[in-house]
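Reading the structure
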Amino acid sequence: MLSPTAIAFEFFLVPLAVIIIYHDVRYRRIPNPFVLATLTTGLILNLSLGGLSGGLNSLGGCVLAFILMFILHVFGAMGAGDVKLFAAIGSVIGAQLVLPTFIVVVLMGGLLALVSTVRSGVFKTTMHRVLQIFVGLLPGWQMPRFSVPTDHRLTIPYGVAITVGAIISTAIFHP
């Protein structure tokens, strides 16, 4: 059974997911007003439900979520909109749920990537590039940089993984 706080979060996250998924799949962009509204709502929800400690938890979730996704952004694995979206969702779910949510989001992203590569017929090329990335992590080897494909069928709308992962994580891990 979900707690009243988890229900409040889900009540906000589900419609947000619908809006973000539509925009990210259709336009491959996550509009800043949606991110700002998510951040603001997260702060307000946590302040009203948990007082000052809830507000601090919300800010901590925002910062931690930003750091985790920014690391992926530095390696070229994540767009800036995805980083901002996950930081805003971090303000909703709070610091204690950011790491489990991050793991769920990465697993969802992997599933999306697998489906996308199989559907577009580039599975072998993609696996070769993944191998190059892992080799690039070894001492003395250089990390390859790949350009973002212009064909949207070859990219992943990661806002889907972020929003759906946040909904799943909140339902499973929220106390």
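Quick caveat: nothing in here was measured; it's all calculated off a predicted structure.

Things to note about the confidence of the model for the protein
Here the protein shows a mean pLDDT of 91. Residues at 70 or above account for 98%. Across the protein, helix α3 (residues 80-93) holds the top mean pLDDT of 96, while helix α5 (residues 123-136) sits lowest at 86.

Focus: helix α6 (residues 158-173)
The end-to-end C-alpha distance of α6 is 21 Å, a good match for the 22 Å that 16 residues give at a rise of 1.5 Å each. Three or more residues of α6 are buried, namely Y158, G159, V160, A161, I162, T163, G165, A166, I167, S169 and T170. Summarising the contacts, the buried residues of α6 are in contact with α1 (4-27), α2 (32-74), α3 and α4 (95-120).

Details of α4
For α4, built from 26 residues, the straight-helix expectation of 38 Å at 1.5 Å per residue is met to within 8% by its first-to-last C-alpha distance of 37 Å. At T101, α4 is deflected by roughly 25°, the largest bend along its length. When α4 is considered as a whole, its buried residues turn out to be L97, V98, T101, F102, V104, V105, M108, G109, S116 and T117. Along its buried surface, α4 packs onto α2, α3, α5 and α6. Positive backbone phi, at 75°, marks G121, one or two positions downstream of α4.

Description of a nonpolar patch on the surface
On the surface, a cluster of nonpolar side chains totalling about 790 Å² of accessible area is made up of L114, V118, F123, M127, V130, I133, F134, L137 and F146. The biggest single contributor to the nonpolar patch is α5, with five residues. Topologically, L114 is positioned in helix α4.

Details of the packing of aromatic side chains
Summed over all chains, the structure comprises three aromatic pairs. Their ring planes at 85° and their centres at 6.1 Å tell us that Y22 and Y27 sit as a pair that is edge-to-face. Relative to F102, the ring of F86 lies with its centre 6.2 Å away and its plane at 50°, an arrangement referred to as tilted. Taken together, the residues F86 in helix α3 and F102 in helix α4 connect sequence positions 16 residues apart. The same class applies to F86 and to F102, which are both buried.

Here we look at the packing of α3 against α4
It is the contact of α3 with α4, at a shortest axis distance of 8 Å, that shows an interaxial angle of 135°. For the element pair α3 / α4, the angle class is oblique. The chirality of how α3 crosses α4 is right-handed. From α3, F86, G90 and I93 reach across to α4, where they touch A95, Q96, L97, V98, T101, F102 and V105.

The rules behind these values
Residues numbered from 1 in each chain as written. Predicted model: local features only at pLDDT ≥ 70, side-chain atom pairs only at ≥ 80, totals over all residues. Heavy atoms only, no water. pLDDT = per-residue confidence, 0-100. Helix = DSSP H or I, 4+ residues; strand = E, 2+ residues; numbered from the N terminus. Expected span 1.5 Å × (residues − 1). Buried < 20%, exposed > 50% of the residue type's maximum accessible area, 1.4 Å probe, protein only. Contact = heavy atoms within 4.5 Å. Bend = angle between axes of the 7 residues up to and from the residue. Patch = residues over 30% accessible without salt bridge, like charges linked within 9 Å, V, L, I, M, F, W, Y side chains within 5 Å. Areas by Shrake-Rupley, 256 points an atom, 1.4 Å probe, with all protein chains shown as cover. Salt bridge = Lys/Arg side-chain N within 4 Å of Asp/Glu carboxyl O. Phe/Tyr/Trp six-rings, centres within 6.5 Å; stacked < 30°, edge-to-face > 60°. Axes fitted to C-alpha atoms, helices over the stretch in contact; angles between N-to-C directions. Parallel < 35°, antiparallel > 145°, perpendicular 65-115°, else oblique. Left-handed = near helix turned anticlockwise from the far one by under 90°.

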